[in-house]
There are 6 protein chains.
Amino acid sequence: MTDADNPGSLSGAEHRQIAQALGDALPYIQRFRHLTMVVKLGGAALDSDEALNFLARDLAVLHLVGMRPVVVHGGGKSVGALSQRLGLEPRFRDGLRITDSETMEVVEMVLAGSLNKRIAGCINQFGGSAVGISGVDGSLLRARRLSEELGQVGEVASVRTGLIEDLCRDGHIPVIAPVARTDDGAACNINADEVAASLAAALGAGKLFLVSNVDGVLDAEGALVSQLDAEGTRTLIEEGAIAGGMLPKVRCALKALDAGVEAVHILNGLHEHAVLLELLTHRGIGTLITRSGRGQP
Amino acid sequence: MTDADNPGSLSGAEHRQIAQALGDALPYIQRFRHLTMVVKLGGAALDSDEALNFLARDLAVLHLVGMRPVVVHGGGKSVGALSQRLGLEPRFRDGLRITDSETMEVVEMVLAGSLNKRIAGCINQFGGSAVGISGVDGSLLRARRLSEELGQVGEVASVRTGLIEDLCRDGHIPVIAPVARTDDGAACNINADEVAASLAAALGAGKLFLVSNVDGVLDAEGALVSQLDAEGTRTLIEEGAIAGGMLPKVRCALKALDAGVEAVHILNGLHEHAVLLELLTHRGIGTLITRSGRGQP
Amino acid sequence: MTDADNPGSLSGAEHRQIAQALGDALPYIQRFRHLTMVVKLGGAALDSDEALNFLARDLAVLHLVGMRPVVVHGGGKSVGALSQRLGLEPRFRDGLRITDSETMEVVEMVLAGSLNKRIAGCINQFGGSAVGISGVDGSLLRARRLSEELGQVGEVASVRTGLIEDLCRDGHIPVIAPVARTDDGAACNINADEVAASLAAALGAGKLFLVSNVDGVLDAEGALVSQLDAEGTRTLIEEGAIAGGMLPKVRCALKALDAGVEAVHILNGLHEHAVLLELLTHRGIGTLITRSGRGQP
Amino acid sequence: MTDADNPGSLSGAEHRQIAQALGDALPYIQRFRHLTMVVKLGGAALDSDEALNFLARDLAVLHLVGMRPVVVHGGGKSVGALSQRLGLEPRFRDGLRITDSETMEVVEMVLAGSLNKRIAGCINQFGGSAVGISGVDGSLLRARRLSEELGQVGEVASVRTGLIEDLCRDGHIPVIAPVARTDDGAACNINADEVAASLAAALGAGKLFLVSNVDGVLDAEGALVSQLDAEGTRTLIEEGAIAGGMLPKVRCALKALDAGVEAVHILNGLHEHAVLLELLTHRGIGTLITRSGRGQP
Amino acid sequence: MTDADNPGSLSGAEHRQIAQALGDALPYIQRFRHLTMVVKLGGAALDSDEALNFLARDLAVLHLVGMRPVVVHGGGKSVGALSQRLGLEPRFRDGLRITDSETMEVVEMVLAGSLNKRIAGCINQFGGSAVGISGVDGSLLRARRLSEELGQVGEVASVRTGLIEDLCRDGHIPVIAPVARTDDGAACNINADEVAASLAAALGAGKLFLVSNVDGVLDAEGALVSQLDAEGTRTLIEEGAIAGGMLPKVRCALKALDAGVEAVHILNGLHEHAVLLELLTHRGIGTLITRSGRGQP
Amino acid sequence: MTDADNPGSLSGAEHRQIAQALGDALPYIQRFRHLTMVVKLGGAALDSDEALNFLARDLAVLHLVGMRPVVVHGGGKSVGALSQRLGLEPRFRDGLRITDSETMEVVEMVLAGSLNKRIAGCINQFGGSAVGISGVDGSLLRARRLSEELGQVGEVASVRTGLIEDLCRDGHIPVIAPVARTDDGAACNINADEVAASLAAALGAGKLFLVSNVDGVLDAEGALVSQLDAEGTRTLIEEGAIAGGMLPKVRCALKALDAGVEAVHILNGLHEHAVLLELLTHRGIGTLITRSGRGQP
């Protein structure tokens, strides 16, 4: 899987490049050492084996040099695919999908049983020690139903960070499927962005990464906006400049900033080394949203 | 879920009984404090909500009084049911079921995504802090294919106990789905009895509980044998007195004893408080197999 | 002493009851885990071997499930008995007994040498690790003479909790005889209720139990009052409804509440499992006095 | 009690002497830092307030500079005095005193309630943190009756050093009264020399001090023998050169050496600074008995 | 070097004196246990082997009994001597010496390479574990040039106490040469009094000792002033009563007091046991300056 | 000094390269994590600012990713240069240089005061926390004179690793000047290769790096030998194939291997990233000598 067993597989020139790069990376790494960062991996990143490999390797690197990544993942296309195979007809009310108990069972199996272990296993192939859990484990998340009509779709009612802190302190990388139980024991699916933002706030994380398949916030000309502060972001929303699928992401970012997270990064996981580059470069490759706009904290 | 929020719901006489019982249990509990015990929950126990509740409460109690339970679970009927719904035809070679990659995906989803979280959630309802993982997490288990013909069915190639020890030390109860990866990254299903025995040996556990829906080893007259030593057990096997579904359980028990586990208990999880009773009573309610036959260690 | 060496001595039905009771007790125990509780054992409880056994077993149980009991004891009838045998004539001034240095020597021997070790030994028979000390040890208590006339009778001048905290953290149960030294090195006897209240305050204990041979505060009809708040208690005192031997106990309770203890329980140690029942039941079996009257904290 | 509150009470010359002495003592102290030493204080030392003050101050000094003293004390004349006042007639069988249960109660009160606290209090006046306990506390000692005829006189059946190690690690000085319980719960008096030797062996102590009112082993001319090895000591016993009250002390010393203690010192506590001088000087002021005779370890 | 290898070299009377003195010192030592104290050793103390021995032994004693000394040293006459031998002409501007880069190299070699190791080695001969470092090590001190004209002479720009705290916690005695780097990497010499005061403030030290070859602050009649408070000291400066070489010392003392140090002692290291005596006696042998004048803290 | 304050100074392509390289380096780094490695920096590496920068950055990188480097340095040309300026005539006996006490003073000043701080300061500029010490500090090394004739030239008599272990555990990088004291307090210069080998053995280091200005062991044709085992190395010495300045290095390597070090690397510090490349590549850039010849441990 890795070159560790065959260190001779790279050329001398490549090694020289590695050595050089390690030296160049030194000051950047030192800046972010001991940083807790919540990384939300969205669907697109999970639908491509290559993208997942990119991300897993970046996370293993960041962990090795002393950062504390906490991963939250969404569902990708798998949930729909399995539902369809099982003949579960999607039902809607007022345009919103209804999650009945049969569908929820499928959702939990796919998220916590299939995707979750695929991500953890992939990070572990790069030598990390990822541990895949869901909101049920260690009573991490308590869910509250959004509405009776929508069935088992919930929001975060409360967070208990004990298990995450234990795992991070012991050198593991938590990988979290966004499924939790309500007070009456029903399983609920929660939006992964919301889970990531809530965890980032509860953990006092320095950074929240929202990784999907879009490059970031675009301006009127369609050009990538590298950096925004909270106020500027709110203006753009009011002006209608941020819309569509980006809108919920940006709202989630603002919520996390309000809750004390210092910086939120929106970036495209399909680019190789997206997470590393976003951390190591001044402009980054996506959009950085900060509370006060004074540069990357 | 519990009476904690409504302590007045029991009568005075019931409380008196609880107080009395706590006092009576004191010497037993002190005997087993700090004991690491691996508890394998078999299919039947998982197919009944009532049985699972019994077991989850017992585990929460044992954890509270200072023991260190580690749970391994099998699959119950759910795997077959889902496979059928998905139209996966079971295939066999020489009488053994073949697990192709599509089936394995279903197995992992059911074991690690559905059953695993159901067990963890149930223990957590009784106030424990269970954490559901599989062999993938923390690189706990490495699998080796049994044979190319059988597809993705494996055996335990190696165990890395770090994550389990971290979780136990931090006050959590690990709940383990018997799925792992081979060296080439393929997911494999492993027999849960074997996983439990391997973990018990690797953790230096004092006890291994094999919980299913049979009462224990029966003698020629069909009466339950309360206690056996390793040698006596081997004689019974040779004489053909132990056969059928009990045979693999007993072989697994002998393997665990050979590997240093001090005592293996075979018991029926459908009885309320099966685990507590097996620990608290001299005769127990199932069959105890020890290395030397000198009573419950 | 215990059944630990003979686990077969209880019947199957009794074991089933124990198992059931442990499950029932689970939510109660989880509520009070890690609670520091000061338990003052009054004379009557000490004059009966049976009552002492009841109490010792309850304390061992509470310690086992994670609470932190700290015991303070009074003197019972033994001091008077020994004084009489030694021909020490009790002397009084203004109705108060005078403790001369010869009597004080007897008091210390009985409290710190006889009763203290009897209590510690009794708890240890139930598998606890009780450590009998007095206010002298670890410079735990400093005494101040109440008046020159009364001789070596003192009050608590200061508390140094280091030794108690060390013992609790190391898994021991401190048992404290209410004897201390003044600044000039004279031994003094201090009222055990006062010592208990001072220690509860200094330790930041959640609960103070005053165990004697009365059931609690009685109302005008002689019926037990299950619960009072501080204000209500003060009213009852002003109205004269609380009088006699109960008055100093209640004053001690109010003092402890004022000093930050959350709840004081007055109960009768002659009832089996008095302490456990008072903790496990909503109404309790004695009188609970809280600061604000909003139920058992 | 001490000069700490009035540092001006010594003259400049005296201070200069202290400073000089501290410097001179430096190499000696460094040699014995972190040494666990069991110090048995015999009757004579306890019958004199002055001697007890000498010893208590030496122990506080040794503790301050990093040694770990553990004190065991005998009974002095107090037991007999109190028995007599209570009209308890001493009874003998074959020349040995019989300890009936009434006498044992007196013994425990005097040892654990009076003398034990007097010693602890005295050490604490010099700023140490002594904690007075008996063999009952923390189940430190288990006793076995010497014979049915002699009543409640016992020997050490087993030692559990947990409590002592906890106290030493937490910075306290354990002071131990030689009273323990048998398996059936009866209090027994044990010879203090034996308790000290058993503890020294169980703790892996480097040194055992037997402090009484004799200067040490005397030779045929009545001159003090400064040093002996185990073999030489045995020869002197066989030759009858060691006899009388010194014989049991020396036998106790040999037993401790056999059990792994490196050096036993027999010395006279009536000399000021007896313990310090025995540690700080080459010849010492008493008799040093070592296993191999190669000088003070 | 020490008498440790030959404990017989002192007479019995001398040992008796040591024992006596240790007892007398007990209350003083207990008062200052766990005190962090910064000790600045000035030139004169370093120019005399005897004085250095006095000081090193005192520091080893203080460390042994639980205090935490941190040593800062100046330069003595050695810098000038070596510069002269190397033919470096001293240059001045406005009466201030100019430190060019060649001179700075000599300064660093003498301070950090020669004197620093001489002091550390001397303390280690008395059994301490001194560790000689400079402001460069562990990035302890960052320097700022006083002025471009004076060359490589600096002041303390910032302090990072991590290394000092690590060394003290691990049982070592830091010995610090007053050399540091500026932000642009140039070595600078900093006044040792200033380094000591800055460190005392940053470490939250209880005491700062300024040890040189003068006895302390003298009054108009030339008599030693034993104690001053900050206000009184400021008055004396304004009145011109403190002048000459004492002025910078006293200013440094006031700066340390303002920064939170509780007491500053100015004393003469040529007296044997100067540091011990200043700590152990009420009047001390030098001048004690406190914030509020209420006696030695 | 570093780019940390100006992360925008590298181009996007360069950052991409860094990210790529970090990923490529991952398996190599994981292999050597937690490895203690002693790195001896020889004269040539110290005489070039550029080479020292290369080495310091490599050491900072290795420390950041979890290795534990311990640096020992030699003297370079500076000692001779300063001696000459001071007019110290080099004297020889039988071809060996005589180090009189005046010369030794120069040696210590240059090694411990100048070079030592230059190396520590350089590592610290790259964000490490280097601490420059000599054998005197923490009594790390005790020296023994090689012969009376040669004056103050010594060999390692004993090693006390406490200080080094403390510094490494606390996250510092020890930098050691090869100067120590004899039992009679005389300073001695010790060969730096010998100090490095002795430390590597005493610390149980996995690797010893001997960094100078030669590429490694050359064969008869002058080609670099990439790898040797101990036996093969001995044969080459016997055959005279290893000679000149390489001979003492190789002898030192063999000594370290005999003392338990697993691998010794001889490499040229003038190559950029020499240390990183030697660790990260299969062939390395210098000569690797192992005990058994089975590849890089």
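Use the structure listed above.
Remember, it's a predicted structure, so these values are computed and weren't measured experimentally.

Draft legend 1. Seen up close, the relation of the copies chain B and chain C. Rotating chain B by 180° and translating it 0.0 Å along the rotation axis places it on chain C, where the RMSD comes to 0.0 Å. Both copies are brought into coincidence by an operation consistent with a two-fold rotation axis. When each C-alpha of chain B is compared by its distance to the rotation axis, Val-65 of chain B comes out closest, at 2.6 Å. Taken together, the interface assignments show that 100% of the residues at the interface of chain B recur at the interface of chain C, consistent with an identical surface on both copies.

Draft legend 2. Representation of the sheet that holds strand S1 (residues 36–41) of chain B in the model. Residue and element names in this part refer to chain B. Taken together, the 8 strands give an open sheet; going across it, the order is S5-S8-S2-S1-S11-S13-S14-S12, and neighbouring strands pair in mixed fashion. The two strands at the open ends of the sheet, each matched to only one other strand, are strand S5 (130–134) and strand S12 (227–229). Ignoring strand direction, the axes of neighbouring strands in this sheet form an average angle of 20°.

Draft legend 3. How the structure looks around the interface of chain B and chain C. In this complex, chain B contributes 39 residues to the contact, which on the side of chain C involves 39 residues. In this assembly, chain B packs against chain C so that about 3,700 Å² is buried in total across both faces, 71% of it on carbon and sulfur atoms. Counting every contact that joins chain B to chain C gives 2 salt bridges. Note that Asp-24 of chain B is salt-bridged to Arg-57 of chain C, the shortest N-O span being 3.7 Å. Joining chain B to chain C, the criterion identifies 4 residue pairs in polar contact (both at pLDDT 80 or more). The set of elements that each furnish at least two residues to the side of chain B that touches chain C consists of helix H1 (12–32), helix H3 (49–64) and helix H10 (274–280) of chain B. The element that contributes the greatest number of residues to the side of chain B that touches chain C is H1 of chain B, accounting for 17 residues. Of the residues belonging to the side of chain B that touches chain C, the class tally is 20 nonpolar, 12 polar and 7 charged.

Draft legend 4. Region of the structure containing the side chain of Arg-57 of chain C. Turning to its location among the elements, Arg-57 of chain C is positioned in helix H3 (residues 49–64). Arg-57 of chain C gets classed as buried once you look at its relative accessible area, which sits at 15%. Leaving out residues up to four positions away in the same chain, Arg-57 of chain C has contacts with Gln-20, Gly-23, Asp-24 and Leu-26 of chain B together with Phe-126, Glu-272 and His-273 of chain C.

Draft legend 5. View of the packing of helix H4 (residues 78–85) of chain F against helix H5 (residues 101–125) of chain F. All names here are of chain F. Axis separation between H4 and H5 bottoms out at 9 Å; the angle between their running directions is 130°. With respect to each other, H4 and H5 are oriented oblique. Two packed elements cross with a definite hand, and for H4 against H5 that hand is right-handed. Between H4 and H5, the contacting residues are Ser-78, Val-79, Leu-82 and Ser-83 on the first element and Val-106, Val-107, Val-110 and Leu-115 on the second. Residues of the contact of H4 with H5, tallied by class, amount to 6 nonpolar, 2 polar and no charged.

Draft legend 6. Molecular detail of the sheet that holds strand S1 (residues 36–41) of chain E. All names here are of chain E. Taken together, 8 strands build an open sheet; the order of strands is S5-S8-S2-S1-S11-S13-S14-S12 and the sheet is mixed. Two strands lie at the open edges of the sheet, namely strand S5 (130–134) and strand S12 (227–229), each paired on one side alone. Taken over all neighbouring pairs, the strand axes of this sheet differ in orientation by 20° on average, direction set aside. The sheet contact formed by S5 and strand S8 (residues 173–177) spans 5 bridges and is parallel. Opposite Ile-133, over in S8, you have Ile-176 as the bridge partner. Strands S1, strand S11 (207–212), strand S13 (263–268) and strand S14 (287–290) of the sheet are contacted by helix H9 (residues 246–258), whose axis makes an angle of about 155° with S13.

Draft legend 7. Region of the structure containing the relation of the copies chain B and chain A. By a simple turn and slide, chain B fits onto chain A: the slide is 0.0 Å along the axis, the RMSD is 0.0 Å, and the turn is 180°. The share of interface residues of chain B whose copies in chain A are also at the interface is 100%, consistent with both copies meeting through the same surface.

Draft legend 8. Here's a closer look at the side chain of Gln-152 of chain D. Mapped onto the secondary structure, Gln-152 of chain D falls in the loop between strand S6 (141–145) and strand S7 (153–159). At 3.4 Å, the side chain of Gln-152 of chain D forms a polar contact with the backbone nitrogen of Ser-101 of chain D.

Draft legend 9. How the structure looks around helix H9 (residues 246–258) of chain F. All names here are of chain F. A rise of 1.5 Å per residue sets the reference length of H9, with its 13 residues, at 18 Å; its end C-alpha atoms lie 18 Å apart and thus fit the reference within 8%. Residues of H9 that are buried: Met-246, Leu-247, Lys-249, Val-250, Cys-252, Ala-253, Leu-254, Ala-256 and Leu-257. One or two residues past the end of H9 sits Gly-260, with phi positive at roughly 110°.

Conventions used here
- Residues numbered from 1 in each chain as written.
- Chains lettered and ligands numbered in written order.
- Predicted model: local features only at pLDDT ≥ 70, side-chain atom pairs only at ≥ 80, totals over all residues.
- Heavy atoms only, no water.
- Least-squares fit on C-alpha atoms with pLDDT ≥ 70 in both.
- Contact = heavy atoms within 4.5 Å.
- Pairing = 2+ DSSP bridges.
- Helix = DSSP H or I, 4+ residues; strand = E, 2+ residues; numbered from the N terminus.
- Axes fitted to C-alpha atoms, helices over the stretch in contact; angles between N-to-C directions.
- Buried area = accessible area lost by both parts, 1.4 Å probe.
- Salt bridge = Lys/Arg side-chain N within 4 Å of Asp/Glu carboxyl O.
- Polar contact = N/O pair within 3.5 Å; in protein donor to acceptor, adjacent residues only side chain to side chain.
- Nonpolar A, V, L, I, M, F, W, Y, C, P; charged D, E, K, R; others polar.
- Buried < 20%, exposed > 50% of the residue type's maximum accessible area, 1.4 Å probe, protein only.
- Parallel < 35°, antiparallel > 145°, perpendicular 65-115°, else oblique.
- Left-handed = near helix turned anticlockwise from the far one by under 90°.
- Expected span 1.5 Å × (residues − 1).

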